[in-house]
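The residues making up each chain are set out below.
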Amino acid sequence: MKSFGFCCLFMLGFALLETAVLSNIVILPAVPDIILLCSLYFSLQNGKLYGVSGGFVSGLLMDFFSAVPFGFNCLLRTIFGYISGVFNKSLNINGVFFPVLLGICATVIKVFIIRLISLFYPNVIINYQIFSAAFGFELLLNGIFCPLVFRFLDVFKNTLLLNPEKVS
């Protein structure tokens, strides 16, 4: 339970960074989804249940900080947490190339889940153009930020993971 509390604190900090700082940089056509990358890390390390719980909490935070219908981010990030939790400890997240690939794949999966969820919100237009410069920029930023976020969270591995490997 202690590790989940620390994960929630990290997600709160990254949510504030993403919504209060990065979204106000006018020259960026899109903002990297750091919360998505955190959820990906926690899910890959701890499994489906942790991914679903962490995804729900991160979605709840993003629902409070954004203008989308309440519950949209909760549903999006809960589904994403489950999907990424299926690959618990089966993917190598060390190095640079594979986390970049994971960040790109996570962004593409996010877009497909958004398209699916938008069917349940017919009155709200959720405009996420796949073939746009903004999406390409977000794809690039998530790919670049993914190894950085993973390395940063690896520093706190003993407090964030349910069963961290003990190095002696």
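Residues numbered from 1 in each chain as written. Predicted model: local features only at pLDDT ≥ 70, side-chain atom pairs only at ≥ 80, totals over all residues. Heavy atoms only, no water.

Novice: Give a description of the side chain of Glu138 that names residues and reports values.
Specialist: Of note, Glu138 is situated in helix α6 (residues 133–155). Assessed through its relative accessible area of 7%, Glu138 is described here as buried. Those residues within four positions of Glu138 in sequence are excluded, and the remaining contacts are Ala30, Val31, Asp33, Thr107, Lys110 and Tyr128. (Helix = DSSP H or I, 4+ residues; strand = E, 2+ residues; numbered from the N terminus. Buried < 20%, exposed > 50% of the residue type's maximum accessible area, 1.4 Å probe, protein only. Contact = heavy atoms within 4.5 Å.)

Novice: An account of helix α3 (residues 48–65) is requested, with residue identities and associated values reported.
Specialist: Taking 1.5 Å per residue, 18 residues should reach 26 Å; α3 reaches 25 Å between its end C-alpha atoms and fits that length. Next to the buried residues of α3 lie α1 (2–21), α2 (34–46), α4 (72–85) and α7 (157–160). (Expected span 1.5 Å × (residues − 1).)

Novice: Which residues make up the nonpolar core, and what values go with them?
Specialist: A general trend in soluble globular proteins is that nonpolar side chains are found buried together. Counting residues in each nonpolar core, the largest one holds 41 residues, and the members touching the most others are Phe14, Cys38, Leu40, Tyr41, Phe42, Phe150 and Leu153. Taken together, the elements giving at least two residues each to this core come down to α1, α2, α3, α4, α5 (97–118) and α6. Once residues lying within four places of it in the same chain are set aside, the contact partners of Phe42 are Cys7, Phe10, Met11, Gly47, Tyr50, Leu153 and Leu160. (Core = buried A, V, L, I, M, F, W, Y, C linked by side-chain atoms within 4.5 Å.)

Novice: Can you lay out the pattern of salt bridges for me, pointing to particular residues and giving the numbers?
Specialist: Applying the stated criterion across every chain, the model contains four salt bridges. Between Asp33 and Lys110 there is a salt bridge, with the nearest N and O atoms lying 3.0 Å from each other. In this pair, Asp33 is assigned in the loop between α1 and α2 and Lys110 in helix α5, connecting sequence segments 77 residues apart. Here Asp33 and Lys110 have matching classes, each one buried. In this structure, the salt-bridge partner of Asp154 is Arg151, at a minimum N-O distance of 2.7 Å. (Salt bridge = Lys/Arg side-chain N within 4 Å of Asp/Glu carboxyl O.)

Novice: I'd like a rundown of the environment of Gly13, residues and numbers included.
Specialist: Looking at where Gly13 falls in the secondary structure, it is placed in helix α1. A C-alpha to C-alpha distance of 9.4 Å links Gly13 and Ile35, two positions 22 residues apart in sequence.

Novice: Tell me what's going on with the packing of α2 against α3, and back it up with residues and numbers.
Specialist: Packing of α2 against α3 leaves a shortest axis separation of 7 Å and a crossing angle of 165°. Judged on the interaxial angle alone, α3 and α2 are roughly antiparallel. Between α2 and α3 lies a crossing whose hand is right-handed. Facing α2, whose interface residues are Ile35, Ser39, Phe42, Ser43 and Asn46, α3 presents Lys48, Tyr50, Gly51, Gly55, Ser58 and Met62. (Axes fitted to C-alpha atoms, helices over the stretch in contact; angles between N-to-C directions. Parallel < 35°, antiparallel > 145°, perpendicular 65-115°, else oblique. Left-handed = near helix turned anticlockwise from the far one by under 90°.)

Novice: A description of the packing of aromatic side chains should follow, citing residues and the corresponding values.
Specialist: Under the criterion given, the structure shown has eight aromatic pairs. Ring geometry for Phe14 against Phe152: centres 5.9 Å apart, planes inclined by 80°, an arrangement best described as edge-to-face. In this pair, Phe14 is assigned in helix α1 and Phe152 in helix α6, connecting sequence segments 138 residues apart. For Phe14, a relative accessible area of 13% puts it in the buried group. Judged by relative accessible area, Phe152 falls into the partly exposed class, the value being 37%. Put simply, the rings of Phe10, Phe14, Phe152 and Phe156 pair up and form one aromatic cluster. (Phe/Tyr/Trp six-rings, centres within 6.5 Å; stacked < 30°, edge-to-face > 60°.)

Novice: Requested: an account of the packing of α1 against α3, with residues and values cited.
Specialist: One way to put it is that α1 packs onto α3 with a least axis distance of 10 Å and a crossing angle of 35°. By crossing handedness, the relation of α1 to α3 is classed as right-handed. Contact residues: Ser3, Phe4, Cys7, Cys8, Met11, Leu12, Ala15, Leu16, Glu18 and Thr19 in α1; Tyr50, Ser53, Gly54, Val57, Ser58, Leu61, Met62 and Phe65 in α3. The residue makeup of the contact of α1 with α3, split by class, is 12 nonpolar, five polar and one charged. (Nonpolar A, V, L, I, M, F, W, Y, C, P; charged D, E, K, R; others polar.)

Novice: Any details on α1? Residues and values, ideally.
Specialist: In an α-helix, one turn spans 3.6 residues, which is why side chains three or four residues apart end up on the same side. Taking 1.5 Å per residue as the helical rise, α1 with its 20 residues ought to reach 28 Å, and the 28 Å between its terminal C-alpha atoms agrees with that figure. Buried residues of α1: Ser3, Phe4, Cys7, Cys8, Phe10, Met11, Phe14, Ala15 and Glu18, and no others. Considered in projection along α1, the buried side chains sweep an arc of 165° and stay on one side of the axis. Set apart from the buried face of α1 by more than 90 degrees, the exposed residues are Lys2 and Leu9. The inward-facing, buried residues of α1 abut α2, α3, α6 and α7. (Arc of directions from axis to C-beta.)

Take it as geometry only, folks, not as evidence of what the structure does.
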